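Observations on the model geometry
Residues per chain, in single letters:
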Number of protein chains: 2
Amino acid sequence: MTVSLPSFAQIQDAAARLAPHARVTPVLRSDALDALAGAELHFKCENLQRGGAFKFRGACNAVWALDEASAARGVATHSSGNHGTALALAAATRGIRAHVVVPEGAVRAKLEAIERAGAVLHRCAPTQAAREAATAQLVQATGAMLVHPYADTQVMAGQGTLALELLAQAPALDALVTPVGGGGLAAGVATAAHALRPELALFAAEPAGADDAARSLARGERVTDVVPQTVCDGLRALVGEPNLQALREHRVEIVTVSDEEAVEAMRLLWRELKQVVEVSSATALAAVLKAKDRFAGRRVGVVLTGGNVDLDALPW
Amino acid sequence: MTVSLPSFAQIQDAAARLAPHARVTPVLRSDALDALAGAELHFKCENLQRGGAFKFRGACNAVWALDEASAARGVATHSSGNHGTALALAAATRGIRAHVVVPEGAVRAKLEAIERAGAVLHRCAPTQAAREAATAQLVQATGAMLVHPYADTQVMAGQGTLALELLAQAPALDALVTPVGGGGLAAGVATAAHALRPELALFAAEPAGADDAARSLARGERVTDVVPQTVCDGLRALVGEPNLQALREHRVEIVTVSDEEAVEAMRLLWRELKQVVEVSSATALAAVLKAKDRFAGRRVGVVLTGGNVDLDALPW
């Protein structure tokens, strides 16, 4: 099955669908972090989005894009956490059921959040193959509509609304950085951002221990034999095929960061920006601090993707 | 020396003085916390203020209210932390020197912040008497102007600007809750809030281990023999005389909370609102959750006073 990238019109439609349900998240600044980076950083705080992550945008758009008959059979997905919560919350806004396949080893706080949001949990082994197989089986059994976490047109369109919002809040940006895991956010944001501002420089931060997007771009085809080994639990998914295509088309530059750099950036965001953010989110700041020459003196949008953290298991 | 309470006009003047320097902090919401409280909570995020606490408002107003000659001799204060950072940052906005007397045992992260902000640190024993003596000596020696952390008209006026801002952002509030330590915030906010909305119900949250304000109101005079024993390091100061007067005049109801309740509320704020806040700040939410009948079904402004936390010494 080929999944097409969203058009700018589909992203605008998504923004209209989301308006009654999603939050307009604030953009925060920090003098101390600006000084550290030598740049003007505008942090888009999706940790303050419903469900504590940007994922609500894509999930909610996918749920409300369904026709009545499909919606009635519910939705299903696999997720290491945030997409699962998001889909559960999104399903609830339409009064339909959500099934979520979760890999063993996922962050406890995220699993609790998915259950609190009202989803039915289904456990599986922590591999991409096991996740996809369990989800396929579930879809077969229930007739629920699969909402893939990132390789889905409406999900990418929903994530793209973040860029519309950020560029309205901080119109003079020179560059924009998101983390990249499966690439739903990176693809949606690249499409939306370049439709509005073709000259914007786009970056994606990727953990060294799950650097399949960087390898895929370097090799010119999707690399699928990477076994993710990173503390960034939200970025362990392999980049999707349409997502990779978007990264290529929009010349998104990947910055690879170590787990240590991500954890240090996480501490900085907690200490200076006073935001509870996940280590996966912090890769974006880690990338800015690592590739300093790319950002020096520029106005940089930094997307903080989520804030669902197990407060009893902080990574420092 | 009698310190008078600020007039509403002085609070408005303070707002004008602060405008070029202070941040307009956001007001955040949480569905989960609303559900827990059974009320509509509007969190005023002063953890996002410059210096990471509301204290910048009062300090900055005091610094800019000085005449040229006084300002040139610098400013001095004693502080367990946030007021010290605030005064250092405020002094820097005017290019003058700040001396800060700090008690032994203060939170390390706060002392580092005071030094980073450019103040000269002077250490003393952790008692009210030692703090006041050391500060008096310092003022004598340097000619610096004392900016008391709370029993100061311009400081109270500066803190009061928070209420002007909050009532513009969330005009339909029924009630407002601040923590109370020395009472600078509580006094300024009560004065400003009641000038704009005389019917607003005002509450102050106080740790059980430093409940001198509650005792003082009950006894009808300032109680000064309380030895503070609480994890809420920002609320260990004894309520000031003019501050107590403001609490009385504005019929501010004190809600006493235990350290355990404050720590639990702190965790909730981190988990649900994704805000790094101090345990002292969390007393305000703890009060709302404890005195539920006071707030049920109402629109409540909850002031989150600061976010300067030692990330290596979390209280859970």
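Keep in mind that what you see is a predicted model, and the values were worked out from it rather than measured.

Conventions and cut-offs
- Residues numbered from 1 in each chain as written.
- Chains lettered and ligands numbered in written order.
- Predicted model: local features only at pLDDT ≥ 70, side-chain atom pairs only at ≥ 80, totals over all residues.
- Heavy atoms only, no water.
- Disulfide = S-S within 2.5 Å.
- Domains from an automatic or database assignment.
- Contact = heavy atoms within 4.5 Å.
- Buried area = accessible area lost by both parts, 1.4 Å probe.
- Salt bridge = Lys/Arg side-chain N within 4 Å of Asp/Glu carboxyl O.
- Polar contact = N/O pair within 3.5 Å; in protein donor to acceptor, adjacent residues only side chain to side chain.
- Helix = DSSP H or I, 4+ residues; strand = E, 2+ residues; numbered from the N terminus.
- Nonpolar A, V, L, I, M, F, W, Y, C, P; charged D, E, K, R; others polar.
- Axes fitted to C-alpha atoms, helices over the stretch in contact; angles between N-to-C directions.
- Parallel < 35°, antiparallel > 145°, perpendicular 65-115°, else oblique.
- Left-handed = near helix turned anticlockwise from the far one by under 90°.
- Buried < 20%, exposed > 50% of the residue type's maximum accessible area, 1.4 Å probe, protein only.
- Core = buried A, V, L, I, M, F, W, Y, C linked by side-chain atoms within 4.5 Å.
- Pairing = 2+ DSSP bridges.
- Right-handed = clockwise from strand over helix to strand, strands pointing away.

With respect to the state of the cysteines
Under the defined criterion, the tally for this structure stands at zero disulfides over all chains. The cysteine Cys45 of chain A is free of any disulfide, with Cys45 of chain B supplying the nearest cysteine sulfur at 11 Å.

Details of the domain arrangement of chain A
Residues and elements named next belong to chain A. For chain A, the assigned domains read domain 1 (8-54 + 152-304) and domain 2 (56-146). For domain 1 and domain 2, the distance between their C-alpha centres works out to 23 Å. At the interface, 28 residues of domain 1 touch 17 residues of domain 2. Together domain 1 and domain 2 conceal approximately 1800 Å² of surface at their shared face, both sides included; 54% is due to carbon and sulfur atoms. Applying the counting criterion to the domain 1 and domain 2 interface returns two salt bridges. In this structure, Arg57 engages Glu165 in a salt bridge whose closest nitrogen and oxygen atoms are separated by 3.0 Å. Here domain 1 is connected to domain 2 by 10 residue pairs in polar contact (both at pLDDT 80 or more). Going through the elements one at a time, α1 (8-18) and α8 (153-169) are the ones with two or more residues in the side of domain 1 that touches domain 2. For the side of domain 1 that touches domain 2, the element with the most residues is α8, which contributes eight residues. Broken down by class, the residue content of the side of domain 1 that touches domain 2 amounts to 10 nonpolar, nine polar and nine charged.

Section: the packing of helix α8 (residues 153-169) of chain B against helix α9 (residues 184-196) of chain B
Residue and element names in this part refer to chain B. Between α8 and α9, the shortest axis-to-axis distance is 7 Å and the interhelical angle comes to 45°. On the basis of the axis angle, α8 is oblique to α9. With respect to the hand of their crossing, α8 and α9 are arranged in right-handed fashion. Listed contacts from α9 to Met156, Gln159, Gly160, Leu162, Ala163, Leu164 and Leu167 of α8 are Gly184, Leu185, Ala187, Gly188, Val189, Ala192, Ala193 and Leu196. Per-class residue counts for the contact of α8 with α9 are 11 nonpolar, four polar and no charged.

Observations concerning unusual backbone geometry
The backbone of Lys274 of chain A sits at a positive phi, close to 60°, despite the residue not being glycine. Even without being glycine, Arg251 of chain B reaches a positive phi, approximately 50°. For Arg251 of chain B, the location among the structural elements is in the loop between α11 (241-249) and β9 (253-257). Look at Arg251 of chain B and you get exposed, because its relative accessible area is 61%.

Remarks on the nonpolar core
If you look at the biggest cluster of nonpolar residues, it comprises 84 residues, and the most contacted ones within it are Leu41, Phe43 and Trp270 of chain A together with Leu41 and Trp270 of chain B. Beyond its immediate chain neighbours, meaning those up to four positions away, Leu41 of chain B contacts Leu28, Arg29, Leu33, Asp34, Leu285, Val288, Val300 and Val302 of chain B.

A look at the packing of helix α10 (residues 212-219) of chain A against helix α11 (residues 241-249) of chain A
All names here are of chain A. Where α10 meets α11, the axes come as close as 11 Å, and the angle between the chain directions of the two elements is 65°. You can see that α10 and α11 cross each other, and the crossing is right-handed. In this structure, α10 uses Ala213, Ser216 and Leu217 to contact α11, whose residues at the interface are Leu244, Leu247 and Arg248. Broken down by class, the residue content of the contact of α10 with α11 amounts to four nonpolar, one polar and one charged.

Points about the pairing of strand β5 (residues 120-124) of chain B
Residues and elements named next belong to chain B. Both strand β4 (residues 98-103) and β5 contribute to a ladder of five bridges, which runs parallel. Opposite Pro103, over in β5, you have Cys124 as the bridge partner. Crossover β4 to β5 through helix α6 (residues 108-116) is right-handed.

Considerations on the sheet that holds β9 of chain B
All names here are of chain B. Reading across the sheet, the six strands line up as β1-β2-β10-β7-β8-β9 and stay open at both edges, with mixed pairing between neighbours. Looking at which strands have only one partner, the edges of the open sheet turn out to be β1 (27-28) and β9. Of the pairings in the sheet, the one linking strand β8 (residues 201-207) to β9 comprises five bridges and is parallel in character. In the strand pairing of β9, Phe203 is matched with Glu253. Running at roughly 165° to strand β7 (residues 175-179), α9 makes contact with β7, β8 and β10 (299-304) of the sheet.

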